[in-house]
Amino acid sequence: MKNKELIKELADRLNWTPDEVSDVISKLGSIISTRLADDDIVYLERLGQFETRKKGERVSVNPANGKRYLVPPKLVPVFKPGITIKTKLKELANNE
């Protein structure tokens, strides 16, 4: 599902305009990214949990020239699905 499809479906279900839905999604993304930048955890019931994890520094090799270089540590966003999503996916897997 693409962004436009999500906006249209949410607008239909909520009886909102697509512009209102787009604005809410934009503000939600902004709030989540701000909280993650503050090293906070964002939990959305029935959806899951957004958090950051620290990836340690590592040595990487450029396959084109074989040179090795050090990749510095960084924070990466991580999403852990909630039980509702896990249950639905498990049901789908069992039905196939």
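Up top is the structure.
Residues numbered from 1 in each chain as written. Predicted model: local features only at pLDDT ≥ 70, side-chain atom pairs only at ≥ 80, totals over all residues. Heavy atoms only, no water.

1. Quick look at the packing of aromatic side chains
Taken as a whole, this structure holds one aromatic pair when the rule is applied. Pairing Phe50 with Phe79 gives two aromatic rings, centres 4.9 Å apart and planes at 50 degrees, and the pair type is tilted. With Phe50 in strand β2 (residues 48-55) and Phe79 in strand β5 (residues 74-81), the pair connects residues that are 29 residues apart, well separated along the chain. Judged by relative accessible area, Phe79 falls into the partly exposed class, the value being 36%. (Phe/Tyr/Trp six-rings, centres within 6.5 Å; stacked < 30°, edge-to-face > 60°. Helix = DSSP H or I, 4+ residues; strand = E, 2+ residues; numbered from the N terminus. Buried < 20%, exposed > 50% of the residue type's maximum accessible area, 1.4 Å probe, protein only.)

2. With respect to the packing of helix α1 (residues 3-14) against helix α2 (residues 18-37)
Viewed as axis vectors pointing N to C, α1 and α2 meet at an angle of 115 degrees, and their least axial separation amounts to 9 Å. Taken together, the axis directions place α1 and α2 in an arrangement best described as roughly perpendicular. Seen from above, α1 lies across α2 with right-handed handedness. Contacts between α1 and α2 involve Leu6, Ile7, Leu10 and Ala11 on the former and, on the latter, Pro18, Val21, Ser22 and Ile25. Classifying every residue of the contact of α1 with α2 gives seven nonpolar, one polar and no charged. (Axes fitted to C-alpha atoms, helices over the stretch in contact; angles between N-to-C directions. Parallel < 35°, antiparallel > 145°, perpendicular 65-115°, else oblique. Left-handed = near helix turned anticlockwise from the far one by under 90°. Contact = heavy atoms within 4.5 Å. Nonpolar A, V, L, I, M, F, W, Y, C, P; charged D, E, K, R; others polar.)

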